[in-house]
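Structural description and commentary
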Amino acid sequence: MDETVSTFSSTLPAGAGVAFKPAHFEAILASAPRVAFFEVHAENYMGDGGPPHRQLTRLRQDYPLSVHGVGLSIGSAEPIDARHLERLRILCDRYQPQGVSEHLAWSTYRGVFFNDLLPLPYDRETLARVIEKIDEVQSALGRQILLENPATYLSFAQSEISEPEFLAEIAQRSGCGLLLDVENIFVTATNKAFDACGYLSQFAFEHVREIHLAGHLEARDARGDPFLLDAHRAPVAEAVWALFGQAIARTGPIATLVEWDNDVPDWSELAHEARKAQVALDVASHRSA
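Bear in mind the structure is a predicted one, so any value in this text is a computation, not a measurement.

Considerations on the pairing of strand β12 (residues 255-258)
Residues Ala-255 and Leu-257 line one face of β12 and the alternating positions Thr-256 and Val-258 line the opposite face, and both faces are buried. Relative to β12, strand β1 (residues 16-19) runs parallel, the two sharing 3 bridges. Along β12, the bridge assignment pairs Val-18 with Val-258.

A word on the sheet that holds strand β9 (residues 208-213)
Reading around the circumference, β1-β2-β3-β4-β7-β8-β9-β12 is the order of the 8 strands in this closed barrel, with parallel pairing throughout. In this sheet, neighbouring strand axes are inclined to one another by 30° on average, regardless of whether the strands run parallel or antiparallel. Against the sheet, helix α6 (residues 182-192) engages β7 (146-148), β8 (177-181) and β9, with an angle of about 60° to β8.

Comments concerning the pattern of salt bridges
All chains considered together, the criterion is met by 10 salt bridges. The closest approach of N and O atoms between Arg-89 and Asp-93, which form a salt bridge, is 2.5 Å. Linking Arg-89 with Asp-93, this pair stays in helix α3 (residues 82-95), spanning 4 residues, or about one helical turn. Between Asp-263 and Arg-233 there is a salt bridge; the shortest N-O distance is 2.4 Å. One end of the pair, Asp-263, is in the loop between β12 and α9 (267-288); the other, Arg-233, is in the loop between β11 (226-229) and α8 (238-251), and 30 residues separate them in sequence. Exposure remark for Arg-233: the relative accessible area of 35% places this residue in the partly exposed category. Salt bridges sharing partners connect three or more residues here, namely Glu-86, Arg-89 and Asp-93.

Side note on the packing of helix α2 (residues 51-60) against α3
At a minimum axis separation of 11 Å, α2 and α3 run at an interaxial angle of 40°. When the axis of α2 is compared with that of α3, the two are oblique. Taken together, the residues of α3 that come into contact with α2 (itself represented by His-53, Leu-56, Thr-57 and Arg-60) are Leu-91, Arg-94 and Tyr-95. Of the residues assigned to the contact of α2 with α3, the class counts are 3 nonpolar, 2 polar and 2 charged.

Brief notes about the packing of aromatic side chains
Two measures describe an aromatic ring pair: the distance that separates the ring centres and the angle between the ring planes. The final tally for this structure, using the stated rule, is 10 aromatic pairs. Where Phe-203 meets Phe-205, the ring centres are 6.2 Å apart and the plane angle is 65°; that geometry is what we call edge-to-face. Ring plane angle 65° and centroid distance 6.1 Å describe the contact between Trp-241 and Phe-244, whose orientation is recorded as edge-to-face. Here Trp-241 and its partner Phe-244 are both found in helix α8, 3 residues apart, which amounts to about one turn of the helix. Note on accessibility: Trp-241 and Phe-244 belong to one class, buried.

Description of the state of the cysteines
Here is the idea: a disulfide is a covalent bond, and it sits between the sulfur atoms of two cysteines. One pass over the structure, following the stated rule, counts 0 disulfides. Unpaired in terms of disulfides, Cys-92 finds its nearest cysteine sulfur in Cys-176, a separation of 15 Å.

Describing unusual backbone geometry
Of note, Gln-96 is a non-glycine position whose phi angle comes to about 45°, a positive value. Mapped onto the elements, Gln-96 comes out in the loop between α3 and β4 (99-103). When its relative accessible area of 41% is taken as the criterion, Gln-96 is described as partly exposed.

Rules and cut-offs
Residue positions are counted from 1 within each chain, in the order its sequence is given. Local features in this predicted model are restricted to residues whose pLDDT is 70 or higher, and side-chain atom pairs enter the listing and the counts only when it is 80 or higher, whereas totals over whole chains, interfaces and linings include all residues. Based on all heavy atoms of the structure, the side-chain values leave hydrogens and waters out of the count. When accessible area is computed with a 1.4 Å probe and restricted to protein chains, residues below 20% of their type maximum are described as buried, those above 50% as exposed, and intermediate ones as partly exposed. Helix and strand definitions here come from DSSP, where helices need a minimum of 4 consecutive H or I residues and strands a minimum of 2 consecutive E residues; each element is numbered from the N-terminal end. Here, strands pair whenever DSSP counts at least two bridges between them. All axes here are fitted lines through C-alpha atoms, helices being fitted over the stretch that makes contact, and every angle between N-to-C directions spans 0 to 180 degrees. Contacts were defined at the residue level, with two residues in contact if any of their heavy atoms lie within 4.5 Å. Whenever a carboxyl oxygen of Asp or Glu lies within 4 Å of a side-chain nitrogen of Lys or Arg, that contact is scored as a salt bridge. Roughly parallel refers to an angle under 35 degrees, roughly antiparallel to one over 145, roughly perpendicular to one between 65 and 115, and oblique to any angle outside these ranges. Three classes are used: nonpolar for Ala, Val, Leu, Ile, Met, Phe, Trp, Tyr, Cys and Pro, charged for Asp, Glu, Lys and Arg, and polar for all others, with Gly counted as polar. Each Phe, Tyr or Trp ring, with Trp reduced to its six-membered ring, pairs with another whose centre is within 6.5 Å; inter-plane angles below 30 degrees give stacked pairs, above 60 give edge-to-face pairs, and intermediate values give tilted ones. Here, a disulfide means two cysteine sulfur atoms that sit within 2.5 Å of each other.

Written out as C-alpha cells, the structure reads:
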C-alpha cells in the first residue's frame, strides 16, 4: 500500500446520511435538514458540468459528501479501466469527499459493462488480484477507499475463504476500510439460508468506517421459488433495523447511509428513514458513553 494513503483516510461524520437524488434538491434547500452527509454515485457526476454539478456544488457548501462508485469492477479478472479511474480522481479532487467507496464485485468483461454487481470466487488468486487493484485505486486517488460487502444470489464452488475472512484480509493487506452493508447481509443470508447474525459476528469491525441501510423486495425466480432482491426501492425492513442495532453495538456511532435508488419517494419519507437511523445511533452513543 502507498504510505500516503493513510493521511487521507475516510472521515465521514458519525451520523445518519442520505443518498442524494436530484428530485430532492429543492426540498433539501428549503428545509435545511439535519443530516450528517449526502452520498452520490460517482458515475452520475463524471461529466464536465451541467445541472448535476451545479446541484452538487451547492450541496457541498453545507454538507460533507461521500462518493460511492459502482463501475470500477474491482473484482474483475481484467485490468482497471484507466479512463474510469482518472474520471473518479478528477471528481474526488473537485469535491474533496470525506468518504469514497466501491463494491467487492465485478461488472465489466472485454469492454462490455453489465448493469449489475456480480459475485466472485473467494479464493487466494482472487484475493491477490483484488488487493492489487485496491492498491492501484488508492494510489491513484491519494486516499483510502472503503470496500462494500456485496448482496449475492449464488456462491462459487471454488470459494475456499468465507466472505468475512476475505474482506478482513483485503482490509488488513491493502489498508482500505470496509463499508458494512447490513441490508446486503440480510438479503444474502436469506437467499443462501445461513444465519445473518452469525455472519455479522465474524465481520472485521475494526476496519468498518461506514454502514449502509436499504430496503429489499420479495420476489420469485423462474421456478417460482422465493428470494429477496436488493432493490433499494422500499423502506428498511424491521429485520434489517434489528441487524443494524447489533452492528452499531459493536461499532458505536458511525457514518450510516440510507439508500433508496428506485421508485424514489418524496423527500419527507427518505428523511424519516434517516431520522430512524439517527435515533438508533444516538442510543448506541449513550450506551458506549
